[in-house]
Amino acid sequence: MTGLIRPATPDNIAEAGRLLAAGRLVAFPTETVYGLGADAGDDRAVAAIFAAKNRPRFNPLIVHVADIAAADPLVEIDARARALMDRFWPGPLTLVLPRRKGAPISLLASAGLDSLAVRLPDHPVARAVIEAAARPLAAPSANASGAVSPTRADHVAQSLGAAPAMILDGGPCRVGIESTVLDLAGDAPLLLRPGGIPAESLADFLGGMPATIATMAAPRAPGLLESHYAPSLPVRLNAVRPNPGEALLAFGPAPDGATLNLSAGGDPAEAAANLFAMLRALDRPEFTGIAVMPIPAAGLGAAINDRLRRAAHPRRQTEGTGP
Ligand code: TXA
Ligand code: MG
């Protein structure tokens, strides 16, 4: 399984580019989480992403570009979007913009919507892979749909098995939580997903804080399913101490019995970088559940709490399992 993991050397990046150009899937690191990339213009390659992740077809993908200019043929970029790109790209901000007529992107990637999500990742390996492929790449997080996102190459191998033709290893992801998704295709800016760029940082460019919707409903907000980022164990939020059998994921000064600490110093950036790897590490049969201490809501805390809420949300029952 781990045989697919390759160090991100120039040779392996060039090979990744050839695989992608030939319609194969390649997992690669970004500053947020690992992505499962495919040629965004190739219907069959994009369909293979949905199949590998078992992802609902109504949930559109983000198209990744290697530089700002590469977004021009894909989406309509007004002055406000341009200013956001100039300030935050490369970086963890995804912009949903009106899709340009004739954009060379599979309609499946945008789930048939008139809009398209674009992002320029701030990671040298991600940018080198997109350049090597010489085309925009559709890339969701490289995990099975609904599961915890991968922040290391071995997480990808655990979650997706042999679906990618190659997994490029660029070490742990610096930000650790997905990009902020800002929808500028409608009448008013809408924060579809809190993420690596805090909403507070966008406010100046938008004349105030963007509106948010707590729970996304198709078709405008197709991706934010209520249960997501979910370990196998139940997750309990705002815990003060663990119940018998539970693991405790602490934040800040930890009480007795803390199993792991997102950030002993109470630093939200450190907590975001640790979040998914620690949820995975605690998702073990020796525990009955994962209790998580409260995390302040400001700044990056909004994205962390968003992921934790979804991780804790009651799961839809799969046929044949559970009471
Ligand atoms: O940090 C990230 O964004 C990572 C890395 C790999 O770049 N990617 C990622 O992709 O998180 P994914 O597929 O797991 O999440 C994409 C989100 C979903 O919530 C999806 O519904 C939303 O973006 N999205 C994509 N295109 C959209 C569109 N046209 N309109 C509204 N939402 C869209
Ligand atoms: Mg995802």
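One can find the structure itself at the top, above this paragraph.
Here is what the cut-offs are and how they apply
- Residues numbered from 1 in each chain as written.
- Chains lettered and ligands numbered in written order.
- Predicted model: local features only at pLDDT ≥ 70, side-chain atom pairs only at ≥ 80, totals over all residues.
- Heavy atoms only, no water.
- Helix = DSSP H or I, 4+ residues; strand = E, 2+ residues; numbered from the N terminus.
- Rg over C-alpha atoms; globule rule 2.2 N^0.38 Å.
- Buried < 20%, exposed > 50% of the residue type's maximum accessible area, 1.4 Å probe, protein only.
- Areas by Shrake-Rupley, 256 points an atom, 1.4 Å probe, with all protein chains shown as cover.
- Lys, Arg positive; Asp, Glu negative; His and termini not counted.
- Charge placed at Lys NZ, Arg CZ, Asp CG, Glu CD.
- Pairing = 2+ DSSP bridges.
- Contact = heavy atoms within 4.5 Å.
- Axes fitted to C-alpha atoms, helices over the stretch in contact; angles between N-to-C directions.

Q: Provide a residue-level description of the overall build of the chain, including the pertinent values.
A: Within the chain, the regular secondary structure consists of eight helices and 15 strands. Its C-alpha radius of gyration of 19 Å places the chain within 12% of the 20 Å reference for a compact globule of 323 residues. Taking the principal axes of the C-alpha coordinates as reference, the chain spans close to 60 × 50 × 40 Å. For the chain, buried positions account for 52% of its 323 residues. Carbon together with sulfur atoms contributes 54% to the accessible area of the chain, which is approximately 13400 Å² in total. Counting 29 positive and 30 negative side-chain charges, the chain places the averaged centre of each group 3 Å from the other.

Q: I'd like to hear about the sheet that holds strand E8 (residues 166-169), residue by residue, with values.
A: Ordered by their spatial adjacency, 11 strands build an open sheet running E1-E8-E2-E3-E7-E4-E6-E5-E9-E10-E11, and the pairing between neighbours is mixed. Of all the strands in the sheet, just strand E1 (5-7) and strand E11 (211-212) have a single pairing partner and so form its edges. Relative to strand E7 (residues 137-138), strand E4 (residues 62-64) runs antiparallel, the two sharing two bridges. Across the sheet, the residue bridging to valine 63 is alanine 138, located in E7. Contacts from helix H6 (residues 199-206) reach strand E5 (93-98), strand E9 (180-183) and strand E10 (190-193) within the one sheet, and its direction differs from that of E9 by about 25°.

By themselves, these figures tell us nothing about what the structure is for.
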